[in-house]
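Report on the structure
The lines below spell out each chain.
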Amino acid sequence: MRWTIKPIPAKEQVDQLAQELNVDSLVATLLIQRGITTFDQAKTFFRPSLDHLHDPFLMKDMEVAVNRIENAIANQENILIFGDYDVDGTTAVSLVSSYLKSFYPNIATYIPDRYAEGYGISFQGIDFAEDNGFTLIIALDCGIKSIDHVAYAKEKNIDFIICDHHRPGDTLPDAVAILDPKETIVLIPMMNCAVAE
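Positions within a chain are numbered from 1, following the residues in the order the chain's sequence is written. Given that this is a predicted model, residues contribute local features only at a pLDDT of at least 70 and side-chain atom pairs are listed and counted only at 80 or more, while totals for whole chains, interfaces and linings are drawn from all residues. Hydrogen atoms and water are omitted, and side-chain values are computed over all heavy atoms in the structure.

1. As for the overall build of the chain
Elements are defined by DSSP. Helices are runs of H or I of four residues or more, strands are runs of E of two residues or more, and each kind is numbered from the N terminus. Along its length, the chain carries 7 helices and 7 strands. For the chain, the succession of helices and strands along the chain, N to C, is β-α-α-α-α-β-α-β-α-β-α-β-β-β. In terms of overall dimensions, the chain has C-alpha extents of about 65 × 35 × 30 Å along its principal axes. Remark: exposure states derive from per-residue accessible area (1.4 Å probe, protein chains only) relative to the maximum for the residue type, with buried under 20%, exposed over 50%, and partly exposed in between. In the chain, buried positions account for 36% of the 197 residues. Approximately 12000 Å² of the chain is accessible, and the part contributed by carbon and sulfur atoms is 55%. Counting 15 positive and 29 negative side-chain charges, the chain places the averaged centre of each group 6 Å from the other. In this description, accessible areas are obtained by the Shrake-Rupley approach with a 1.4 Å probe, and a residue is regarded as covered only by the protein chains that are shown. All tallies of charge rest on Lys and Arg as positive and Asp and Glu as negative; His and the ends of each chain are not included. Note that the charge is assigned to NZ on lysines, CZ on arginines, CG on aspartates and CD on glutamates.

2. Notes on the pairing of strand E4 (residues 134-140)
In terms of burial, E4 is a largely internal element, 6 of the 7 residues being buried. Two strands pair when backbone bridges link them, and strand E2 (residues 78-83) and E4 are joined in this way by 6 bridges, in the parallel orientation. Looking across to E4, one finds that Phe82 is bridged to Ala139. Two strands form a pair only when DSSP identifies at least two bridges running between them. Judged from the 5 bridges that link them, E4 and strand E5 (residues 159-163) form a sheet pairing that is parallel. Looking at the pairing, Ala139 lines up with Ile162 of E5. Handedness of the crossover is the feature at issue here: the chain leaves E4, passes through helix H7 (residues 147-155), returns alongside E5, and the resulting connection is right-handed. Call a crossover right-handed when, viewed with both strands pointing away from you, the route from the first strand across the helix to the second goes clockwise.

3. What to know about the side chain of Thr29
Looking at the element boundaries, Thr29 is found in helix H2 (residues 25-33). The contact criterion used throughout is that any non-hydrogen atoms of two residues lie within 4.5 Å. Setting aside residues no more than four positions away along its own chain, Thr29 makes contact with Pro9 and Val14.

4. Things to note about the pairing of E5
Note that E5 and strand E6 (residues 177-179) share 3 bridges and pair parallel. Bridge pairing in E6 places Ile162 opposite Ile178.

5. Description of the sheet that holds E2
Neighbouring strands of a sheet are bound in pairs by backbone hydrogen bonds; such pairs are parallel or else antiparallel. In spatial order, the strands read E3-E2-E4-E5-E6; together these 5 strands make up an open sheet with parallel pairing. Here the strands that pair on one side only, and so sit at the sheet edges, are strand E3 (107-110) and E6. Direction aside, the axes of adjacent strands within the sheet are offset by 20° on average. Both E2 and E3 contribute to a ladder of 4 bridges, which runs parallel. When the bridges of E3 are listed, Leu80 appears paired with Ala108. Axis definition: a line fitted to C-alpha atoms, limited for helices to the stretch in contact. Angles are taken between N-to-C directions and run from 0 to 180 degrees. Against the sheet, helix H5 (residues 87-101) makes contact with E2, E3 and E4, and its axis sits at roughly 160° relative to E2, the strand it touches most.

6. Here's the deal with the environment of Arg68
Inspection of the secondary structure puts Arg68 in helix H4 (residues 62-74). Relative accessible area serves as the criterion here: at 12%, Arg68 is assigned to the buried category. In the structure, Arg68 is positioned 27 residues away from Leu95 in sequence and 19 Å away in space, judged by C-alpha atoms. Not counting residues up to four positions away in its chain, the partners in contact with Arg68 are Glu77, Thr135, Leu136, Asp159, Ile161 and Val176. Here a polar contact is taken to be a pair of N or O atoms separated by no more than 3.5 Å, where protein atoms must pair a possible hydrogen donor with a possible acceptor and residues adjacent in sequence count only if both atoms sit in side chains. A polar contact of 2.8 Å, which involves the side chain of Arg68, links it to the side chain of Glu77.

In structure tokens, the structure reads:
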């Protein structure tokens, strides 16, 4: 893992923003490092609105992914929501599965065993999908480098939609759709003071 730390902003800039916002200088420093330098920008950051979200269809493969999910629902397919066992993986699985279950019943979840399967998509998880009649796996927080796993699933007539944020390799898995901000054709500005890769 490589961390890129943003430089410390000028003291005058920190002091001015801290005074405008009535916050500690440490908070003002972090905000400036995230590109937030005015009161209005801080207001948008601290009081976000759904109107501020980017159009999700700016992401490469989003339309393909949505169409595949809609087809699965229309055809009464079983959909498996697969995610890593870490915090962002389990949270993603919880959110996506609970949303889909609110209007479609044929949804199940799979979190790999940390010690037996490790991180990411596992052959055991794909075998579970096959044994239980799943024809679509939506992988969350993993899959961008799972070339062999996706090929294995394809042999079993199981499609993959990969939703990941990790850096892709030189070759991508042969998934129906890959949603990854590091693979997208439209660059969306991110507000980070440090980025882990």
